[in-house]
Amino acid sequence: MIKKILVVDDSIVMSKAIKIILEKAGFDVFTEPDGAKVLDTVKKNKIDSVILDLMMPGISGKDVLKMLKSDPETKMVPVLLLTARIDVLRWDADFKIAESSMQKPFDNHELVSEIKRLVGN
Amino acid sequence: MITLILLGTTLFLIVSLALILNLIMNKGLDEVEYQREMVTLERVPRAIDARLEILNHIAIDWGNWDDTYNFIKNPSPDYVKSNLNAESFAQLKVNILIIADLNGSMVYKSHYYNGVLSNNTPELEEYFSEGINYFHATGYFTDRGIILLPKYPLLVVSRPVLRSDGVGPNDGHIIFGRYLDLEETSYISDFVGYPVEIMRYDVVVPDDFNEAKLFFSNNNSLLVKNINETTSFGYVLIMDGYNQPALIVKVIIDRTAHKQGRIIQRYLWASVIISCLVMMIIMRTLLSLTLLRKIKKIYTTIEYVRAKDDLSKRIDVKSKCEIGLLANNLNAMITSLESSRAKLVQESEEIAKANAELKKIDVMKDDFISNVSHELRSPLATIKAYTQMMDNGDLGKINKYQKEGVGIILSSSNQLQNLISELLDISRLESSNARFQFSRQKLRPIIDEVIFEFRPGLRKVKGRVVNQVSKYCSLDIDRDRVKQVFRNLMDNAIKYMSKRPLLITISSRKAADGNCEILFSDNGVGIKPENMVFLFSKFYQVNQGLNKAAESGVGLGLSIVKEILKAHGAEITAESDYGKGTTFRIVFPPARPELVND
């Protein structure tokens, strides 16, 4: 089963880079720059894991996370928080509902390993 | 208190004055009294003299008389019968009559007493055994005086017997004697003015008379003794006709003057006391009205100002005297206190405002750094992601030259990443905006984790780490931050290793005062003595490391270590042997340090 990963990041180039990295690792990668649409996209495409950037304009990463985790359909989908502000993650309890986190800049292979771990490969 | 002193002093003065006056007055009165008593006592001999004078007149009467004159020549019973009967004696109040001729033999003698006239005069014989001559033989007897007869003392007068015209020569002598009996005594008392007691010198006398005798033996003749407040006894020595002590006359003097003096004294003291009381009352009132009231106003106002901390109050005392000046000065002082307090309040308000401003700036700075680091990291992440992909061949095959170049880009990107992290870190740590999560945990496994992270790096340099930290060493620490500390120390050790294979030893020791000591030793190149002082300074780097690690930092590693440990209440020091190695010593406190920010 090819696992489906959704990348949520307002930076197109970053989304593109992650897409290439993960596709090379054998994943099916979707991208969604708009946080409001994430929930629908996850449901529609039966996403196996979400990589979520926190610093986004419009709807914040935190709210997207909350949406995902409060919806019974999507709450079991593992979420990896990807952000430059790793300290924020540490101190804000709201983020503890995410399954994993990683700081930007990251090592490409580390990202791959972590995603593999999350989707249970 | 003031009142007490003033009143006490004045009282003392007045009383002293009164006492002195009293003393002077007493002395004066005593002096006067003594003089008067002496005067009185001097009346005693004069009194006796007066009585003798009366007798003398009788003697003259009878002495200057032809009948008597002729009687001596021719003693006839007629003279006796007509003149010398009991009635005459009674009338004359004469007790003894002797008529003697010139030879001294008694022509006539008789003794009258208690209505009994007798010629038989055994006392007289006894006394006058040597005859009348006895009187004159000594040539010493005055014509008047006292003779001590057995029954009574005798007032005696002797006159020559002359013719009626008073012409001599005398025929003989006529001697009249009168007993100094109670009647005479009362006449003497009247003359002296006070009751007298007459005591013969030749008998056993009461004690007080003996005392007087003693006194008189020293050639004195007058003695006064103050017996009590009302009476004095005066003693007068009366000599007899032969100038021998005959009588002691005791005069009972009423001390009227003295008593009067005492009464005056009492009035004096009474008036002193009354005037003292009055004066005290007046003074107290005056003081209270002028001084004390004002002083009270001053200290009650000051008390109020102090207690209520109300600097707007002033002392309400207006006076031209020193109290007024004091009040004015105190008021001025309160005014200046008020204004300096107002100034202080204003200044502290300004400081508080400045403080708030600074805090705002601090937060702004923190936000700024946070934002900046994010802004820097995001594009850096993109650079790294693509560079790694390129390096990996994910974007197409690259030749070895390209791979080399990409490697360099990657290494620089990593450097940049470290720099951004460290800058953010040290900025947070220094501004005390860094937050810590303390919990008690064992140190040994934390160090093991860090060692594990460094395994690939250590393998590359053939280095080894020995973890000898006691498994019982348990501390209140922020796990992630302490890991960072050891990471940085490890980084340094690797960066500055020598030619020989790197050996790092980490051990622990419990100090006597409960502190936990961690020792981090390496066998690297060590630190030169002149560089030691800069060891923990920011941006300080010694470019001596033989192993120039690709990801060398900017010299913030040890400063970060120091700041993190400071937040733990711990201290780090270093000892180094240049060429041999370095030992870092960290001393953790036993108790939980104050949380920096939570």
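Scroll up a little and you will see the structure.
Numbering of residues starts from 1 in each chain and follows the order in which that chain's sequence is written. Chains and ligands are labelled by the order in which they are written, letters from A for the one and numbers from 1 for the other. Where totals are concerned, whole chains, interfaces and linings use all residues; where local detail is concerned, this predicted model gives features only for residues with pLDDT of at least 70, and gives and counts side-chain atom pairs only at 80 or more.

A. Representation of the environment of Asp425 of chain B. Note on conventions: DSSP H or I runs of at least 4 residues are helices, E runs of at least 2 residues are strands, and numbering of each starts at the N terminus. Relative to the assigned elements, Asp425 of chain B resides in helix H11 (residues 400–430). Spatially, the C-alpha atom of Asp425 of chain B lies 9.8 Å from that of Ile369 of chain B, the residues being 56 residues apart in sequence.

B. Structural detail: the sheet that holds strand E7 (residues 196–200) of chain B. All names here are of chain B. What makes two strands pair is DSSP finding at least two bridges between them. In spatial order, the strands read E7-E10-E9-E8; together these four strands make up an open sheet with antiparallel pairing. In the strand order of this sheet, the two ends are held by E7 and strand E8 (222–226), each with one partner. The mean angle between the axes of side-by-side strands here comes to 20 degrees, regardless of whether they run parallel or antiparallel. Across five bridges, the pairing between E8 and strand E9 (residues 231–239) is antiparallel. Paired with Leu222 across the two strands is Val236, which belongs to E9. Running over the sheet, helix H1 (residues 2–63) touches E7, E8, E9 and strand E10 (245–254) and is turned about 40 degrees from E9. Axis angles are defined between N-to-C directions and span 0 to 180 degrees, where every axis is a line fitted to C-alpha atoms and, for a helix, only to the segment in contact. Once C-beta atoms have been placed from the backbone, residue pairs whose C-beta atoms lie within 7 Å are recorded as contacts.

C. Inspection of the nonpolar core at higher detail. Residue and element names in this part refer to chain B. Note on terminology: a nonpolar core is a set of buried residues of type Ala, Val, Leu, Ile, Met, Phe, Trp, Tyr or Cys, with members joined through C-beta atoms within 7 Å. Three exposure classes are used, based on other C-beta atoms lying within 10 Å of a residue's own C-beta, which is placed from the backbone: buried for 20 or more, exposed for 12 or fewer, and partly exposed in between. Ranked by internal contacts, the top residues of the largest apolar core, which has 51 residues, are Val44, Val249 and Val251. Ranked by residues supplied to this core, first place goes to H1 with eight residues. Aside from chain neighbours lying at most four places away, what touches Val251 is Thr40, Leu41, Val44, Val192, Tyr194, Val196, Gly234 and Val236. Counting 39 residues, the second largest nonpolar core, distinct from the first, contains Leu489, Ile504, Ile506 and Ile586.

D. Molecular detail of the pairing of strand E5 (residues 100–103) of chain A. Residues and elements named next belong to chain A. Inspection of the sheet shows strand E4 (residues 79–83) paired to E5 by four bridges, in the parallel sense. Along E5, the bridge assignment pairs Leu82 with Met102. Classification remark: right-handed applies to a crossover when, strands pointing away from the viewer, the course from the first strand over the helix to the second runs clockwise. Following the backbone out of E4, through helix H4 (residues 86–91) and into the adjacent parallel E5, one traces a crossover that is right-handed.

E. Structural detail: unusual backbone geometry. Here the amide bond leading from Lys104 of chain A into Pro105 of chain A is cis, since omega sits at -5 degrees, within 30 degrees of zero. With respect to the element layout, Pro105 of chain A can be found in the loop between E5 and helix H5 (108–119). Of note in this structure, Asn114 of chain B is not a glycine but carries a positive phi near 55 degrees. With respect to the helices, strands and loops of the structure, Asn114 of chain B is situated in the loop between strand E2 (106–113) and strand E3 (116–118).

F. Spotlight on the pairing of strand E5 (residues 153–161) of chain B. Residues and elements named next belong to chain B. With respect to burial, E5 is a largely interior element, eight of its nine residues being buried. Relative to E5, strand E4 (residues 144–148) runs antiparallel, the two sharing five bridges. Within E5, the residue paired with Arg144 across the bridge is Val157. Connecting E4 to the next strand, E5, in antiparallel fashion are four residues.

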